[in-house]
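Spelled out from the first residue to the last, the chains are:
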Amino acid sequence: MKIAFYAPLKAPDHPDPSGDRTVGRLLLAALRRAGMKPVIASRFRARLLGDSEAEQKRMAAKGHVIADKLIAKYRKLPKAERPRVWFTYHLYYKAVDWIGPRVAATLEIPYVVAEASHAPKRATGPFAFSHEAAEAAIRSADAVLCLNPADKECLGGIVAGKKLIDLPPFLDLKAFLGGDARGPDRHLGRLKLSQHYRLDPDMPWLLAVAMMRKGDKLASFVALAEALRHVTRAYQLLLVGDGPARGEVEAAFAPIAKRVAWLGQKPAGDLPEIYASADLFVWPAINEAFGMALLEAQACGTPVIAGASGGVPAMIADGETGWLSAPGDTAAFAADVDFALERELAPVRLAAAAHVRKFHDIAAAAATLRKVFDKVTA
């Protein structure tokens, strides 16, 4: 079954790494695992940079031109070679799908979306034009796959309940762990990192992995720096990532600079060993939808301390694979870090890895996708 795949926010083969790109790639892999043939239909980025209605209308016009070209292209193909379903990943008022609904309606094929967000408060104000278009696209969907359970509350007002289908965030564990189900060697990883960055291998290591950009990511770094100032136990913090807000991040951590090791941006293949080497993964997750790094850390057996934003609580078994606190509550976050560092973490490490294997592996996602696509094309 050929699937036309589109991600308005960022194409899965975009050169800049991000959680959004990671999820897009995983969805393509899951579709292939389910026996389907996904093809990237367009790489048009519909992400709005401002709230100008003129910009929104220009974006719509560009999207419609692309849609019409795709319609003409697909109509020239034999029916057996046309896409059977249009599948859009990550749709909301700032990244509207101006292409998929038009193509799907004209070709009379199902329209399926994943991680659609609906914000009723945007019905008025500067984003009203794009909000209306995003709502119309979501309403037209034959199925809405929910990676973030928190999205369902608002989606329920415009989409029939039977069309809302849970698709928990997932990893291709075999690929992510390098083909070794046991994961990376924690002790070897600690030895290599301690020698390269002059770290104390006998001290607890905390880890955060994120792009350093303005907005919610920077807010999380600032909250993390504030929280760690109040942790009473000894620790070393490892920060992985880089970006345009690096200077602001460094300023936030200046009061605890002696405890921080800056590892910079790392290739994806290096991350599992770094995750496994840490004692705790720490991330306040300010306004985080779900955060793939939280899942990756647990897959490597690293317990997570996180803020309970969005879909984060659906990924972490609080008190079993990690600990959650109210978003932005830096005192509670610091207390969780102290509590975790005072206990034996080996059982929590085992529980974290087992949790991801059971609930968040690609095999389960592929089965869900196969069931949904078979249903909408029946």
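This text follows the structure it describes.
Draft legend 1. Fine view of the overall build of the protein chain. Regarding its fold elements, the protein chain presents 14 helices and 12 strands. Here the protein chain has a C-alpha radius of gyration of 22 Å; the compact-globule value for 378 residues is 21 Å, and the two agree. Taken along the three principal axes of its C-alpha coordinates, the protein chain extends 65 × 45 × 35 Å. Here the contacts in the protein chain between residues at least 6 apart in sequence split such that 71% fall between residues at least 24 apart. Of the roughly 16600 Å² of accessible surface on the protein chain, a fraction of 53% belongs to carbon and sulfur atoms. Across the protein chain, 50 positive and 41 negative side-chain charges occur, with their mean positions spaced 7 Å apart.

Draft legend 2. Representation of the side chain of Thr-302 within the structure. Examined against the element boundaries, Thr-302 turns out to sit in the loop between α11 (292-299) and β11 (304-307). Residue classification places Thr-302 among the buried residues on the basis of a relative accessible area of 0%. A polar atom in the side chain of Thr-302 sits 2.5 Å from the backbone oxygen of Tyr-275. Among all residues touching Thr-302, those that are not within four sequence positions of it are Tyr-275, Ala-276, Ala-278, Asp-279, Leu-280, Phe-281, Ala-297, Arg-349 and Ala-352.

Draft legend 3. A look at the nonpolar core. Counting residues in each nonpolar core, the largest one holds 95 residues, and the members touching the most others are Phe-87, Phe-253, Tyr-275, Phe-281 and Phe-373. A per-element tally of this core places helix α14 (residues 362-377) first, with 7 residues. The residues touching Phe-281, leaving out its near neighbours within four places in the chain, are Leu-207, Ala-208, Val-209, Tyr-275, Ala-293, Leu-294, Ala-297, Thr-302, Pro-303, Val-304 and Ile-305.

Draft legend 4. Inspection of the pattern of salt bridges at higher detail. Enumeration according to the criterion identifies 15 salt bridges in this entry. Linking Arg-246 and Asp-242 is a salt bridge whose minimum nitrogen-to-oxygen distance equals 3.7 Å. Overall, the relative accessible area of 22% leaves Arg-246 in the partly exposed class. Arg-370 is paired through a salt bridge with Asp-374; the nearest N and O atoms lie 2.8 Å apart. Remark: Asp-374 and Arg-370 occur in helix α14; sequence separation between them is 4 residues, near one turn of the helix. Asp-374 sits in the partly exposed class, given a relative accessible area of 35%. Residues joined in a network through salt bridges with shared partners are Arg-186, Arg-190 and Asp-279.

Conventions used here
Residues numbered from 1 in each chain as written. Predicted model: local features only at pLDDT ≥ 70, side-chain atom pairs only at ≥ 80, totals over all residues. Heavy atoms only, no water. Helix = DSSP H or I, 4+ residues; strand = E, 2+ residues; numbered from the N terminus. Rg over C-alpha atoms; globule rule 2.2 N^0.38 Å. Contact = heavy atoms within 4.5 Å. Areas by Shrake-Rupley, 256 points an atom, 1.4 Å probe, with all protein chains shown as cover. Lys, Arg positive; Asp, Glu negative; His and termini not counted. Charge placed at Lys NZ, Arg CZ, Asp CG, Glu CD. Buried < 20%, exposed > 50% of the residue type's maximum accessible area, 1.4 Å probe, protein only. Polar contact = N/O pair within 3.5 Å; in protein donor to acceptor, adjacent residues only side chain to side chain. Core = buried A, V, L, I, M, F, W, Y, C linked by side-chain atoms within 4.5 Å. Salt bridge = Lys/Arg side-chain N within 4 Å of Asp/Glu carboxyl O.

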